[in-house]
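Chain by chain, the residues run as shown.
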Amino acid sequence: TTQTQIVSRGLYRSGVFENTGPLPPRVGRESTYTITWSVTSSANDMENVLVRASIPAYVQWKDAIKPAGEHVVYDPDTQEITWDVGFIVAGTGYTRPAREVSFQLGLVPGVNQVKGTPQIISGAAMSGKDVFTGAVLQRKNAPITTRLNGDPLVTSNEYVVVP
């Protein structure tokens, strides 16, 4: 069975979008963040690959996706974001670049989030079928919060919501 992985990163100063708003996040003011999902598959092709996550009520979908050709859909009723990755060739993320998509979200923290690191998006859940073995593979990672460990240009004193 192929080794597959979904990696999620929350970014502010790095990434494909120019984000706006205060860092650290400030009550009642919107800060935008870039979310990047990367999918890999080692030994075998994968098909019917889907990645899903949801956003909390205080986060807004900004309708910005790169690359533009990727099939990313936001459902405002369920607040779920779905990336229909489709087919992944063996070696993606190993001998060839990982399959990636980025999108932008806006966070407006409330008073109840002061001194906290609120969640921007839930953990991404990936599922797909290994074409060679027929196994259905599922992976899930941790939620992304304002603690942007994946962005080397954001410092730890910029994570916590301030009044």
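Located above this text is the structure these notes cover.
Just so it is clear, the structure is predicted and the values come from calculations on it, not from any experiment.

1. Some points on unusual backbone geometry
- P24 follows L23 through a cis peptide bond whose omega is 0 degrees.
- Position of P24 relative to the elements: it lies in the loop between β1 (4–11) and β2 (31–41).
- Cis rather than trans, the peptide bond between K66 and P67 has omega equal to -10 degrees.
- Secondary-structure assignment places P67 in the loop between β4 (59–66) and β5 (72–75).
- Within the chain, D63 stands out as a residue other than glycine whose phi angle is a positive 60 degrees.
- Inspection of the secondary structure assignment puts D63 in strand β4.
- Even without a glycine there, the phi angle at Q79 is positive, about 60 degrees.
- Along the chain, Q79 falls in the loop between β5 and β6 (80–88).

2. Overview of the nonpolar core
- W37, V51, I81, L105 and I121 are the most contacted members of the largest nonpolar core, which totals 32 residues.
- Residues contacting V51, with those up to four places away along its chain left out, are I6, W37, V39, I81, T82, W83, V85, A124, A125 and M126.

3. Quick word on the sheet that holds strand β10 (residues 136–140)
- In space, the five strands of this open sheet follow the order β5-β6-β3-β9-β10, with antiparallel pairing throughout. In the strand order of this sheet, the two ends are held by β5 and β10, each with one partner. When strand polarity is set aside, the average angle formed by the axes of neighbouring strands in this sheet is 15 degrees.
- In this sheet, β10 lies alongside strand β9 (residues 125–130) in antiparallel orientation, the contact comprising five bridges. Bridge pairing links G128 to L137 in β10.

4. Points about the pattern of salt bridges
- A full pass over the atoms with the stated rule returns five salt bridges.
- Note that E30 is salt-bridged to K62, the shortest N-O span being 3.2 Å. Remark: K62 occurs in strand β4 and E30 occurs in the loop between β1 and β2; sequence separation between them is 32 residues.
- Residue K62 is classed as partly exposed on the basis of its relative accessible area, which comes to 32%.
- Salt-bridge contacts for R99 lead to E70; the nearest nitrogen and oxygen are separated by 3.0 Å. With a gap of 29 residues between them, R99 in strand β7 (residues 99–107) and E70 in the loop between β4 and β5 connect regions that are remote in the sequence.

5. A few points about the environment of G86
- When you line up the elements, G86 lands in strand β6.
- Residues G86 and A43 lie 43 residues apart in sequence; the distance between their C-alpha atoms is 17 Å.
- Not counting residues up to four positions away in its chain, the partners in contact with G86 are M46, E47, N48 and V49.

6. Some thoughts on the packing of aromatic side chains
- Evaluation of the coordinates by the stated rule reveals five aromatic pairs.
- With a centroid separation of 6.0 Å and 65 degrees between ring planes, the pair formed by Y12 and Y33 is classed as edge-to-face. You can see Y12 sitting in the loop between β1 and β2 and its partner Y33 sitting in strand β2, a full 21 residues away along the chain. For the pair formed by Y12 and Y33, the shared burial category is buried.
- Here W61 and Y74 contribute two aromatic rings whose centre-to-centre distance is 5.4 Å and whose plane-to-plane angle is 15 degrees, an arrangement assigned as stacked. With W61 in strand β4 and Y74 in strand β5, the pair connects residues that are 13 residues apart, well separated along the chain.

Reading the values: rules and limits
Residues numbered from 1 in each chain as written. Predicted model: local features only at pLDDT ≥ 70, side-chain atom pairs only at ≥ 80, totals over all residues. Heavy atoms only, no water. Helix = DSSP H or I, 4+ residues; strand = E, 2+ residues; numbered from the N terminus. Core = buried A, V, L, I, M, F, W, Y, C linked by side-chain atoms within 4.5 Å. Buried < 20%, exposed > 50% of the residue type's maximum accessible area, 1.4 Å probe, protein only. Contact = heavy atoms within 4.5 Å. Pairing = 2+ DSSP bridges. Axes fitted to C-alpha atoms, helices over the stretch in contact; angles between N-to-C directions. Salt bridge = Lys/Arg side-chain N within 4 Å of Asp/Glu carboxyl O. Phe/Tyr/Trp six-rings, centres within 6.5 Å; stacked < 30°, edge-to-face > 60°.

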